[in-house]
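Descriptive structure summary
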Amino acid sequence: MPATDPAEDLPEQMRVRRSKRERLLAEGVPPYPVNLPRTASLSEVREKYAELPTDTASGDRVAITGRLIFIRNGGKLCFATLRDGDGTELQVMLSLDKVGEQALADWKHLVDLGDLVGIEGEVITSRRGELSVLADTWAMSAKALRPLPVAHKPLSEETRIRQRYVDLIVRPQARETVRARATVVRSLRESLFRRNFLEVETPMLQLLHGGAAARPFVTHSNALDTDLYLRIAPELFLKRAVVGGIERVFEINRNFRNEGMDSSHSPEFAMLEAYQAYADYNVMQQQVQEWIQEAAFAVAGSHVVTHFDGTELDLSGQWPAVTLFGSLSEALGEEVTVTTDRAQLAGYAEKHDLSVDPKWSNGKLAEELFEHLVVPSLQRPTFVRDYPEETAPLTRAHRETPGLTEKWDLYVSGFELATAYSELVDPVVQRERLVAQSLLAAGGDPEAMQLDEDFLRAMEYGMPPTGGMGMGIDRLLMALTGLGIRETILFPLVRPE
RNA sequence: GGGCCGCUAGCUCAAUGGCAGAGCUGUGGACUUUUAAUCCAUAGGUUCGGGGUUCGAGUCCCCGGCGGCCCA
């Protein structure tokens, strides 16, 4: 527990602000009143009086609130700038002849940058033409006990993430990012609702580890006295829903993967997964393009989005589709297919300085070559189709080419944004694949899935031919805004201070 | 996991191994049209933590923490 008088150890500026709070209390003025009059938001004032000419009094009184971000105090006339939750700024003026000597002195001595204040007064424009509220009275709305960082120098990236609340206060773009994310998620939901998909929630706590290849977080249930896994994917439950007749189903929710944290990976990340009965990966390809274009339009008003650094990304029109082996062949300048033998693939790897893990299958090796040689060039959105079957255990075999599966990955800006399959629905083949996975898991592969008998039982009741897709919400934000993943997540996980 | 870089005042950053500084912020004062206001004065430090070398360490060495970049 802190000592009864913690003030001794505090920096001077925090002691000063605490003493101002005490002085307010001593004067009988609540530093944190339960409410304040507010008849208009700053943006409403700005909108309504946008045409007010320079140096004019409107005759209209308003009560406004906001956070103080600039203070320019004079002898008998004080200026300050308030900022609203939506980022709108508005100037307030306090003059001796309007508020009186005591209120003006209190304003100068008890108010700091960062305080939330309320102003009641007349809407006017200053001699320089700045729209302002000329105060009759002012009131403290919430006294800030910590100083605001310098408004004109960017906060360090670490402080931005660790103290997002400060980042949100001082950096309008941080708030815009929150709004953009909300807009994108809402747009996705609307896009799917319009196409008659139902949104469901499936278990986050799972008895078995499956649905993707990733290391899970493990937790423990006291009631069941058993370990549980935080889900790495909702896939196996959404498919159970499709078996049960929920023919168009989706979930937007968090997945957890106990793996590395870097500029494009977060241990918890939001994902959209959607399944549609009597559809396949071709149908999903067209739909995903539409959903992303609709999200781009919702957030940017255009299918050409402008990143915060000013670069443009064109998401308009029909996106190109290539095959994995076709694009790899083009990059190598040599024809490779799913039947190309290992020695030849290994030769290409060596030629391009790619070290080869001997445990890799031929398919995995081809995919690694592709990621190394082709992916960095995929800036405009591009669908890459038809992956080797060793790397896609839940995917249906390609209807024409043996050894391939009906899977595509969507790449944008050099990273993978979404994926889709014609889902594997034959319960016998599914069991073979999952048994193979569980043997890998038993052999110590921490990413391999466990055998989910209940999932297989569901499949044995008959699953319709189904197209399924998954897309990282955080990554979609990255694609639309150009931000790193830790900027698209409001409160990313950070190491303890 | 490996390599490199960084951590100094509330914030952003300086400081050949030799008195730890600036700008903004804060405090006191001047100013009735400012808007990153201006002017005068002034306060503010466990230099990430621990150990070592040295007459002397923010600076050099070792261990650890946190962060960033690159590689695997």
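Cut-offs applied
- Residues numbered from 1 in each chain as written.
- Chains lettered and ligands numbered in written order.
- Predicted model: local features only at pLDDT ≥ 70, side-chain atom pairs only at ≥ 80, totals over all residues.
- Heavy atoms only, no water.
- Helix = DSSP H or I, 4+ residues; strand = E, 2+ residues; numbered from the N terminus.
- Rg over C-alpha atoms; globule rule 2.2 N^0.38 Å.
- Buried < 20%, exposed > 50% of the residue type's maximum accessible area, 1.4 Å probe, protein only.
- Contact = heavy atoms within 4.5 Å.
- Lys, Arg positive; Asp, Glu negative; His and termini not counted.
- Charge placed at Lys NZ, Arg CZ, Asp CG, Glu CD.
- Phe/Tyr/Trp six-rings, centres within 6.5 Å; stacked < 30°, edge-to-face > 60°.
- Lys NZ or Arg CZ within 6 Å of the ring centre and 35° of its normal.
- Salt bridge = Lys/Arg side-chain N within 4 Å of Asp/Glu carboxyl O.

For the rest of this paragraph, the subject is the overall build of chain A. Helix and strand counts for chain A stand at 16 helices and 18 strands. The C-alpha radius of gyration of chain A comes to 29 Å, more than 25% above the 23 Å expected for a compact globule of 497 residues. Viewed in the frame of its principal axes, chain A has a C-alpha envelope of about 90 × 55 × 50 Å. In chain A, which comprises 497 residues, the proportion classed as buried is 47%. Here the contacts in chain A between residues at least 6 apart in sequence split such that 66% fall between residues at least 24 apart. Positive and negative side-chain charges in chain A, numbering 54 and 74 respectively, have mean positions lying 7 Å apart.

To continue, consider the packing of aromatic side chains. The relation between two aromatic rings is expressed through the spacing of the ring centres and the mutual angle of the planes. Per the counting criterion, the structure on display carries seven aromatic pairs. Here the aromatic rings of phenylalanine 370 and tyrosine 411 are separated by 5.7 Å at their centres, their planes lie at 70°, and the arrangement is edge-to-face. With phenylalanine 370 in helix α12 (residues 362-373) and tyrosine 411 in strand β16 (residues 407-412), this pair connects stretches of sequence that are 41 residues apart. With relative accessibility at 0%, the residue phenylalanine 370 sits in the buried group. For tyrosine 411, a relative accessible area of 3% puts it in the buried group. These aromatic residues form a ring-pair network of at least three members: Trp319, Phe383 and Trp408. For the cation-ring pair, arginine 385 lies above tyrosine 281, with the distance from its terminal atom to the ring centre recorded as 4.3 Å. Geometry around tyrosine 387 places lysine 407 over its ring, the cationic atom sitting 4.4 Å from the centre.

For the structure shown, the criterion picks out 35 salt bridges. We note a salt bridge from glutamate 268 to arginine 254, for which the minimum N-O separation is 2.7 Å. With glutamate 268 in strand β11 (residues 268-277) and arginine 254 in strand β10 (residues 248-256), this residue pair connects regions lying 14 residues apart in the sequence. Judged by relative accessible area, glutamate 268 falls into the partly exposed class, the value being 28%. Residue class for arginine 254 comes out partly exposed when judged on its relative accessible area of 39%. Here arginine 431 ties to glutamate 453 by a salt bridge, and the two come within 3.0 Å at their closest N and O atoms. With arginine 431 in helix α13 (residues 427-442) and glutamate 453 in helix α14 (residues 453-460), this pair connects stretches of sequence that are 22 residues apart. One connected set of salt bridges, linked through shared partners, spans Arg17, Lys20, Asp112, Asp115 and Lys143.

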